[in-house]
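Structural overview for review
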Amino acid sequence: MMDREGLLLVLSGPSGAGKGTICQQLIKKESSISLSVSVTTRSPRLGEEHGKNYFFINEEQFKQMIEGDQLLEWAQVYGNFYGTPRDWVEKKLQAGEDVLLEIDIQGALQIKEKFPQCILVFVIPPSINELQARLIKRGTDCNDVIKKRLQCVEGELQKVPQYDYIVVNDCLDTAIDQVRSIIVAEKCRSKRFDIQKYLQVEGQHESYLT
Ligand code: ADP
Ligand code: 5GP
């Protein structure tokens, strides 16, 4: 009743930090939040499905989406293009539903410009060694790609001060709990409380006074 618009939560962080894992668990546990599916020009990894993990499109289609203003934000990340479809996100938020974006830092900062009320969460691994171990263990990227992604980590960490929260993904359950706590706290913010709407419903109090 008191929320005017859904919460827009943005998760970023180095590749392999565990953003995808956290998002998947979060949407299982929090049925009220939906994860946006991005478009990308990257090739699908083994097991990835079109429409579920990403909408896999070519560069020409990506360009058309930019020109048609169909993307809320977009960026080139680790050599491929990624973007957030506008319509789906805007409709959810307007309907008062919460939305989760798992996007890179350039995209997150574009979202912050357009939706200053969004919440930016930066997920980091407990150490860079652990990050490397996770990327190798995940087994989805070749050594060159892993190297390229690890080379970006230092630059990515420089952007941390622009985020609202940091979650260290050491124990997965703790990290998920922390993100859930952020959602709870953000929902309790006074600025999200619609006093006028509350007073309208409470209008019946006149009967107590007469
Ligand atoms: P990202 O989406 O940030 O690139 P992933 O969610 O794909 O990262 O996670 C990278 C790898 O690390 C995956 O193999 C995943 O199972 C593993 N992983 C995620 N979180 C943890 C954790 N807390 N402890 C150990 N391994 C983890
Ligand atoms: P991956 O190739 O590992 O799936 O993703 C690589 C990077 O692209 C990650 O940092 C991920 O958060 C980011 N990414 C995924 N979707 C989007 C998107 O729609 N927009 C932007 N800006 N980044 C995205």
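Reading the values: the criteria
- Position numbers for residues count from 1 along each chain, tracking the sequence in the order it is written.
- For naming, the first written chain is A and the first written ligand is 1, with later ones following in the order written.
- Only residues with pLDDT of at least 70 get local features here, since the model is predicted, and only at 80 or more are side-chain atom pairs given and counted; chain-wide, interface and lining totals rely on the full set of residues.
- Excluding hydrogens and water, the side-chain figures rest on all heavy atoms present in the structure.
- Whether two strands pair comes down to DSSP finding at least two bridges between them.
- Every helix listed is a DSSP run of H or I at least four residues long, and every strand listed is a run of E at least two residues long, numbered separately from the N terminus.
- The angle between two axes is taken between their N-to-C directions and runs from 0 to 180 degrees, where each axis is a line fitted to C-alpha atoms and a helix contributes only its stretch in contact.
- Working rule for contacts: check all heavy atoms of both residues, and any pair within 4.5 Å makes them a contact.
- Whether a residue is near a molecule or strand depends on its heavy atoms: it is near if one of them lies within 4 Å of it.
- Polar contact is defined as a pair of N or O atoms within 3.5 Å, subject to the rule that within protein one atom must be able to donate a hydrogen and the other to accept it, and that residues adjacent in sequence are counted only when both atoms are side-chain atoms.
- For this classification, Asp, Glu, Lys and Arg are treated as charged, while Ala, Val, Leu, Ile, Met, Phe, Trp, Tyr, Cys and Pro are nonpolar and the rest, including Gly, are polar.
- Note on classification: 1.4 Å probe, protein chains only; a residue is buried when its accessible area is under 20% of the maximum for its type, exposed when over 50%, partly exposed between these limits.
- Any two rings among Phe, Tyr and Trp, with Trp reduced to its six-membered ring, count as a pair given centres within 6.5 Å; such a pair is stacked if its planes are under 30 degrees apart, edge-to-face if over 60, and tilted if neither.
- We define a salt bridge as a contact between a side-chain nitrogen of Lys or Arg and a carboxyl oxygen of Asp or Glu at a distance within 4 Å.

1. Description of the sheet that holds strand S8 (residues 119–124)
In space, the five strands of this open sheet follow the order S2-S7-S1-S8-S9, with parallel pairing throughout. Two strands close off the open sheet at either side, each with one partner strand: strand S2 (33–35) and strand S9 (165–168). Put simply, the sheet's adjacent strands are angled 25° from each other on average, direction ignored. Sheet topology note: the strand S1 (residues 8–12)/S8 ladder contains four bridges and is parallel. Bridge pairing in S8 links Ser12 to Phe122. Docked against the sheet, helix H1 (residues 19–29) engages S1, S2, strand S7 (98–102) and S8, running at close to 160° with respect to S7.

2. Description of the site of ligand 2
The environment of ligand 2 is formed by 17 residues, the closest being Ser38, Arg42, Tyr54, Tyr82 and Asp104. A distance of 2.8 Å separates an oxygen atom of ligand 2 from a polar side-chain atom of Glu102. Contacts to ligand 2 include Asp104, whose side-chain N or O atom sits 2.7 Å from a nitrogen atom. Of all the elements in the fold, those that place two or more residues in the shell around ligand 2 are strand S5 (71–77) and strand S6 (80–85). Taken together, the residues that form the shell around ligand 2 break down as six nonpolar, four polar and seven charged.

3. Focus on the pairing of S6
Extensive coverage of S6 is indicated by the burial of five of its six residues. In this structure, S5 lies alongside S6, joined through six bridges in antiparallel fashion. Pairing of Gln76 across the sheet is with Phe81, part of S6. The hairpin formed by S5 and S6 contains two residues between the paired strands, and Tyr78 there has a positive phi angle of roughly 45°.

4. Thoughts on the packing of aromatic side chains
For the structure shown, the criterion picks out seven aromatic pairs. With a centroid separation of 5.3 Å and an interplanar angle of 55°, the aromatic rings of Phe193 and Tyr198 are classed as tilted. Residue classification places Tyr198 among the partly exposed positions, given a relative accessible area of 32%. One aromatic cluster is present, formed by Tyr54, Phe56 and Tyr82 through successive ring pairs.

5. Observations regarding the pattern of salt bridges
Side chains bearing opposite charge may pair, as long as their charged atoms lie close to each other. Across all of its chains, the model carries 13 salt bridges by this definition. Where Glu90 meets Arg86, a salt bridge forms, and the shortest distance between an N and an O atom there is 3.1 Å. Here Glu90 and its partner Arg86 are both found in helix H3 (residues 86–94), four residues apart, which amounts to about one turn of the helix. Taking relative accessible area as the criterion, Glu90 reaches 24% and is therefore assigned partly exposed. Between Arg134 and Glu130 there is a salt bridge, with the nearest N and O atoms lying 2.7 Å from each other. Here Arg134 and its partner Glu130 are both found in helix H5 (residues 128–138), four residues apart, which amounts to about one turn of the helix.

6. Observations regarding the site of ligand 1
Taken together, 13 residues surround ligand 1, and among them Gly16, Lys19, Gly20, Thr21 and Arg138 come closest. In this structure, an oxygen atom belonging to ligand 1 sits 2.5 Å away from a side-chain N or O atom of Thr21. In this structure, a nitrogen atom belonging to ligand 1 sits 2.8 Å away from a side-chain N or O atom of Asn169. Counting only elements with at least two residues in the shell around ligand 1, the list comes to H1 and H5. For the shell around ligand 1, the element with the highest residue contribution is H1, accounting for three residues.

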